[in-house]
Amino acid sequence: MHDVVIIGAGAAGLSAALWCDDLGLDTLVLEQKEAIGGQLLSIYNTIDNYLGLHASSGPRLLESFAERIAEASFDLWTNVEIESLDLPAKRISLRSGESLQSICIIIATGVRRREIGIPGEKEFVGHGIIESAARDRDLFAGKDVCVVGGGDAAAENALLLAEVCPTVTLVHRGKALRARREFIEQLQTSHCTTIFTESVVKRIIGNEEVEAVEIVRRDALKPFQMAVRGVLIRIGVEPNTELFRGQLQLDNEGYIATTSQQETNVFNVFAIGDVSNPLAPTISGATGAGATAAKIIASRLNRT
Ligand SMILES: Cc1cc2nc3c(=O)[nH]c(=O)nc-3n(C[C@H](O)[C@H](O)[C@H](O)COP(=O)(O)OP(=O)(O)OC[C@H]3O[C@@H](n4cnc5c(N)ncnc54)[C@H](O)[C@@H]3O)c2cc1C
């Protein structure tokens, strides 16, 4: 019997684990991936908005987190697959056959990038799908590329690529880009950038590597193919909450509803970080929510 089982070892889960450990709670963290860190692993820009630490990338910030965590005594299991869970009973069954029991559960499963769900999207990972402009820009220098999406992330990546690519075509489903005005203005004045609104990419085409995309424009009669060597997709994120459907109150987008103390609608089940924060997901928000949940649990279990 653990005091707390934390699901997810991103910034939120790790912060909660550290706090739980400091407060004398018997704590186990379950992470589905081999590596801890969650989204931190895919941040290639500098992080200069996390108070007290300035990091050149997410992995560098994670190194600082890991140094501190190495001193703590909570248990951390990686490569764990949860088969099912009974939240009211606080029972978790793992694919490995083990069954876990705890007094409290903290859900910190974060979000994942939304996929378009088109042919080629998975097949060309590592063969023309651009993971991040900040990381992969040099690989695509001198090549024509396509960016799918219309928000800040898509616009920012398109602008980075426009510094090194002869053409960047931004394809957005909506009528107008949703990105901040300064990004849109820069895109509109960039000579190599074309914006297709009310348009969708239907297929990514190629043999070994990406060679073209098939685009459908609302004002065009037929789909057409455009030759590109790279495709970057940024069409938002979605919460990792499939496991909890039917047991927890979720909003329309699938995010977990919580009180200001991070508690869900099930007693002693808490949700922290991006999985319960659709409007303002940040590292500081995630770590702060972890601290809140841990302190509430410790006070409930009379450990403060
Ligand atoms: C490119 C990029 C740049 C960013 N820049 C900044 C920035 O400059 N400043 C800032 O404050 N924020 C930034 N953010 C946002 C910030 O990274 C997130 O808000 C924060 O990392 C969220 O942490 P989290 O722990 O809530 O979720 P995540 O980091 O998503 O972690 C969730 C963890 O849960 C695991 N998990 C999921 N499902 C299961 C399961 N069923 N079982 C076990 N484990 C599971 C995942 O594998 C993952 O490790 C950026 C994000 C991105 C993508």
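Since we're looking at a predicted model, the values are computed, not measured.

Student: Pulling in residues and values, what's your account of the site of the ligand?
Tutor: Close contacts around the ligand come from 29 residues, with Ala12, Glu31, Gln39, Asp274 and Ile283 the closest. For the ligand, an oxygen atom lies 3.4 Å from a polar atom in the backbone of alanine 108. The contact in question runs from an oxygen atom of the ligand to an N or O atom on the backbone of threonine 282, over 3.3 Å. In the complex, the protein chains occlude 85% of the 1000 Å² of accessible area that the ligand would expose alone. Every element with two or more residues in the shell around the ligand is listed here: helix H1 (11–22) and helix H6 (283–300). Of the residues assigned to the shell around the ligand, the class counts are 12 nonpolar, 14 polar and three charged.

Student: Could you give an account of the side chain of serine 102, naming the residues involved and the relevant values?
Tutor: Position of serine 102 among the secondary structure elements: in strand S8 (residues 99–107). On the basis of relative accessible area, serine 102 is assigned to the buried category, the value being 3%. At a separation of 3.0 Å, a polar atom in the side chain of serine 102 contacts the main-chain carbonyl oxygen of cysteine 104. In this structure, serine 102 is in contact with Met1, His2, Asp3, Val4, Val5 and Lys90, ignoring residues within four places of it in sequence.

Student: Talk me through the sheet that holds strand S16 (residues 230–233); I want residue IDs and the actual numbers.
Tutor: Strand order in this open sheet of four strands is S12-S11-S10-S16, and the pairing throughout is parallel. Because the sheet does not close on itself, it has two edges, and the strands there are strand S12 (193–196) and S16. Adjacent strand axes in the sheet meet at a mean angle of 20° when their direction is disregarded. Bridge analysis of strand S10 (residues 145–148) against S16 gives four bridges, and the strand direction is parallel. When the sheet's bridge partners are listed, cysteine 146 is paired in S16 with valine 231.

Student: Explain the sheet that holds strand S14 (residues 210–217) to me, and be specific about the residues and the numbers.
Tutor: Taking strand neighbours across the sheet as the criterion, the three strands line up as S13-S14-S15 in an open arrangement whose pairing is antiparallel. Each of the sheet's edge strands pairs with one partner strand only, and the pair in question is strand S13 (199–206) and strand S15 (224–227). Within this sheet the neighbouring strands show an average axis-to-axis angle of 30°, counted without direction. Examined bridge by bridge, S13 and S14 share seven bridges and lie antiparallel to one another. Within the sheet, the bridge partner assigned to arginine 203 lies in S14 and is glutamate 214.

Student: Can you tell me about H6, naming the residues and giving the values?
Tutor: The first and last C-alpha atoms of H6 sit 26 Å apart over 18 residues, in line with the 26 Å expected at 1.5 Å per residue. Along H6, the positions that sit buried rather than exposed are Ile283, Ala286, Thr287, Ala289, Gly290, Ala291, Ala293, Ala294, Ile296, Ile297 and Ala298. Where H6 is buried, its residues touch strand S1 (2–7), H1, strand S3 (47–50), helix H2 (58–69), S8 and strand S18 (269–271). A side-chain oxygen of the first residue of H6 lies 2.8 Å from the backbone nitrogen of glycine 285; this N-cap is threonine 282.

Student: Which residues make up the layout of surface pockets, and what are the values?
Tutor: There is about 350 Å³ of room inside the second largest pocket. Lining the second largest pocket are 15 residues; nearest its centre among them are Ile116, Val148, Arg173, Val200 and Ile235. Here the lining of the second largest pocket takes four residues from S13, the largest share from any one element.

Student: Go over helix H5 (residues 181–189), please, and point to the residues and values.
Tutor: Here H5 has its buried residues at Phe183, Ile184 and Leu187. What you see down the axis of H5 is that its buried residues fit within an arc of 95°, all on one side. In this structure, H5 carries Arg181 and Thr189 as exposed residues pointing more than 90 degrees from its buried face. Tucked into the core, H5 has its buried residues touching helix H4 (152–162), strand S11 (168–171) and S12.

Student: How would you explain the side chain of glutamate 263 if you had to name every residue and give the values?
Tutor: When you line up the elements, glutamate 263 lands in the loop between strand S17 (237–239) and S18. Residue classification places glutamate 263 among the buried residues on the basis of a relative accessible area of 12%. There is a polar contact of 2.7 Å between the side chain of glutamate 263 and the backbone nitrogen of asparagine 268. Contact partners of glutamate 263, with chain neighbours within four places excluded, come to Ala257, Thr258, Asn268, Val269, Phe270 and Arg300.

Procedures and definitions
Residues numbered from 1 in each chain as written. Predicted model: local features only at pLDDT ≥ 70, side-chain atom pairs only at ≥ 80, totals over all residues. Heavy atoms only, no water. Near = heavy atom within 4 Å. Polar contact = N/O pair within 3.5 Å; in protein donor to acceptor, adjacent residues only side chain to side chain. Areas by Shrake-Rupley, 256 points an atom, 1.4 Å probe, with all protein chains shown as cover. Helix = DSSP H or I, 4+ residues; strand = E, 2+ residues; numbered from the N terminus. Nonpolar A, V, L, I, M, F, W, Y, C, P; charged D, E, K, R; others polar. Buried < 20%, exposed > 50% of the residue type's maximum accessible area, 1.4 Å probe, protein only. Contact = heavy atoms within 4.5 Å. Pairing = 2+ DSSP bridges. Axes fitted to C-alpha atoms, helices over the stretch in contact; angles between N-to-C directions. Expected span 1.5 Å × (residues − 1). 1 Å grid on protein atoms, 1.4 Å probe; cavity = no way out; pocket = protein on both sides within 12 Å on 5 of 7 lines; lining within 4 Å. Points joined across faces, edges and corners; volume = space filled by probe spheres on them. Arc of directions from axis to C-beta.

Geometry only, nothing functional implied.
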